[in-house]
Amino acid sequence: MTEHTLTVAGVAVDTRHWIGGERVASTDTFTDLSPIDGSVLGAISRGTAMEAAAAVAAAKAAFPAWAGTSRAERARILHAIADGVEKRIEELSIVETTDNGALLRSHRRGVMPRVAHNFRFFADWLLKLEHEDFETRGHSNHVSWDPAGPSVLITPWNAPLMLATWKVAPALAAGNTVVLKPAEWSPLTASLLADIAAEAGLPAGVLNVVQGYGSEIGDALTSHPDVRRISFTGSVPTAKRIAASAAANLTPLSLELGGKSPLLVFADADLDLAVDLAVEQYDNAGQVCLAATRILVEESIADEFTRRFADRAAQLKQGDPRDEATDIGPNIHLRQLEKIDGFVQRALVAGARAVIGGHHKNGQYYAPTLLTDVAQDSEIVQEEVFGPVLTLQTFRDEDEAIRLANGTRFGLAATVATGDPERAERVTAQLVAGTVWVNCFFVRDLQAPFGGSRHSGVGREGGTWSFDFYCDLKNTVTAPKGWKDHG
Ligand code: NAD
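Report on the accompanying structure. (Residues numbered from 1 in each chain as written. Predicted model: local features only at pLDDT ≥ 70, side-chain atom pairs only at ≥ 80, totals over all residues. Heavy atoms only, no water.)

## Considering the environment of D195
The residue D195 is located in helix 6 (residues 188-199) in this model. In this structure, the C-alpha to C-alpha distance between D195 and G84, residues 111 residues apart in sequence, is 9.3 Å. (Helix = DSSP H or I, 4+ residues; strand = E, 2+ residues; numbered from the N terminus.)

Listed below in structure tokens is the structure:
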């Protein structure tokens, strides 16, 4: 234990950056709070342009050797990291829950196993990654997946380790070195990941973790000329700043941003299923980018749907996320809570009606809320709240349903509840979204392309699409023996 260690439920977390295989402290710190009760978890090294430059330099120095490491060896180390994650699922789960307030039972059973799977999946995908060679007038064409170089990965607080490793794993598999910048409201599990990666034998400098406020350290990372890729998950305003900063070096970007996704419920849907899908949108206290926060219901079943929804939602248990019985935990920060309540109160003033909720409860808990009587062009329908707040609108026919569904600047996901497969085909073909679910939600395979349309993002990651992004694809054309070009 040192002055640079904090403990969460007995788990020691180093509060310093991880640069070039060493712990590095900043002169300044920021305070990390637990959303469960607002308690202080510790003082975290607060990175500046100096630490950003050091981390990129370390990633640059480590790049040639890592890029030159065989695919089999890279895959072996990624599996060793997955082993390390699996050994520490309990520790990672309690630290993540304490740091960001999401449910402990979800972390234990779903999220942390998925973190390990991120490493296993991209290790295995790397080994089968091929591009068919082909021939052009006797010349062979060989396409290779060359590692691109140091990659800056910037992640949000709502699913910290899950979203970080969804980028770290493919970047490392591709042969790139990494500078990871976790969110300032939930930085702890990224520090534990650095420990796990080092124990798994990842060479120094291949993974670096720098902490701090995006506004203070972000620019130095994203405008750095030695950075070859930037992958960002977060909000639209930050994405615009990063894109402007990356433009100086034309650094390729992958942007996974916000959403205002619809759930379309047709009268022919299984109503119990539709209600379950709708109530599920309060998961993680509504802090899920993919959440279907706009419920669109066919007019003829709207009253019945609303009644059943309110009954189901009333059964949700809100409270301490460490309690197994809890369904909804706290929101991440008092600032986020104020933002959520601001959206709701402005909507109520504008004429919305709260079927349930509509107010702050206590501490950092916001009452699960459903608002009706909302206009399509209103703020509450158009802007991402990122809290347990849903709206309900009605439609008369398919055309109106699709018009409302596509009527925002976002296009991350959409969910359709219908009992008619032909309708499902017609409707999904017209929806603008990176992912569409029919009669299900959140089924995500790592080999599927993932990303958003319009303001929900730029590019796709997942399976081969991740390697498309993190690699420089090269085509080498070789003439046949004795071939001469006589023009
Ligand atoms: P945010 O944009 O405020 O912050 C995200 C990250 O960017 C943090 O690490 C932050 O420190 C960093 N950052 C801030 N300013 C920066 C700058 N100028 N340069 C570089 N980095 C900077 O987002 P948030 O509030 O942490 O996360 C919530 C948002 O993330 C929501 O909009 C949500 O929809 C989105 N999100 C999207 C997905 C997806 O996969 N599409 C997944 C989860 C969350």
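## Section: the sheet that holds strand 20 (residues 389-395)
Strand order in the open sheet formed by seven strands is 16-19-20-15-14-21-22, with mixed pairing between adjacent strands. Two strands lie at the open edges of the sheet, namely strand 16 (353-356) and strand 22 (435-438), each paired on one side alone. Along the sheet, successive strands turn relative to each other by an average axial angle of 25°, direction set aside. Of the strand pairs in this sheet, strand 21 (residues 413-417) and strand 22 are connected by four bridges, and their pairing is parallel. Bridge pairing in strand 22 places A414 opposite V436. Along the sheet, helix 9 (residues 271-279) makes contact with strand 14 (262-265), strand 15 (294-298), strand 20 and strand 21, crossing strand 14 at roughly 165°. (Pairing = 2+ DSSP bridges. Axes fitted to C-alpha atoms, helices over the stretch in contact; angles between N-to-C directions. Contact = heavy atoms within 4.5 Å.)

## Overview of the side chain of S261
Here S261 is to be found in the loop between strand 13 (253-256) and strand 14. Its relative accessible area of 1% is what places S261 among the buried residues. In this structure, S261 is in contact with L290, A291, A292, T293, R294, L412 and A413, ignoring residues within four places of it in sequence. (Buried < 20%, exposed > 50% of the residue type's maximum accessible area, 1.4 Å probe, protein only.)

## What about the pattern of salt bridges?
All chains considered together, the criterion is met by 34 salt bridges. Here D14 and R16 are joined by a salt bridge, their closest N and O atoms 2.8 Å apart. We note that D14, like R16, is buried. For the salt bridge of R353 with D373, the shortest nitrogen-to-oxygen distance reads 3.8 Å. With R353 in strand 16 and D373 in the loop between strand 19 (369-372) and helix 12 (379-382), this pair connects stretches of sequence that are 20 residues apart. R353 sits in the partly exposed class, given a relative accessible area of 46%. Given the relative accessible area of 53%, D373 is considered exposed. (Salt bridge = Lys/Arg side-chain N within 4 Å of Asp/Glu carboxyl O.)

## Re the side chain of E398
Along the chain, E398 turns up in helix 13 (residues 398-405). Excluding its chain neighbours within four sequence positions, the residues that come into contact with E398 are F266, R423, R426 and V427.

## Considerations on empty space enclosed by the protein
Counting across every chain of the model gives four cavities of 30 Å³ or more. Approximately 60 Å³ is the volume found for the largest cavity. In this structure, the largest cavity is lined by 14 residues; those nearest its centre are P262, A405, F410, A413 and V432. Here the lining of the largest cavity is built from residues that sort into eight nonpolar, four polar and two charged. In this model, the second largest cavity occupies a volume close to 40 Å³. Together, G259, G286, V288, C289, A291, T293, E384 and F386 line the second largest cavity. When its residues are assigned to classes, the lining of the second largest cavity shows four nonpolar, three polar and one charged. (1 Å grid on protein atoms, 1.4 Å probe; cavity = no way out; pocket = protein on both sides within 12 Å on 5 of 7 lines; lining within 4 Å. Points joined across faces, edges and corners; volume = space filled by probe spheres on them. Nonpolar A, V, L, I, M, F, W, Y, C, P; charged D, E, K, R; others polar.)

## Concerning the layout of surface pockets
It is a probe the size of a water molecule, rolled over the atoms, that shows where empty space is left. By volume, the largest pocket is sized at about 1100 Å³. Lining the largest pocket are 39 residues, and of these W157, F232, G234, S235 and T238 sit closest to its centre. Take the lining of the largest pocket: its biggest share by element is six residues, from helix 8 (residues 236-247). Class assignment for the residues of the lining of the largest pocket results in 16 nonpolar, 13 polar and ten charged.

## So, the pairing of strand 14
The alternating pattern of strand 14 places P262 and L264 and L263 and V265 on opposite faces, both of which are buried. In this fold, strand 14 hands off to helix 9, which returns the chain to strand 15; that crossover is right-handed. Relative to strand 21, strand 14 is paired through three bridges, and the arrangement is parallel. Within strand 21, the residue paired with L264 across the bridge is V416. (Right-handed = clockwise from strand over helix to strand, strands pointing away.)

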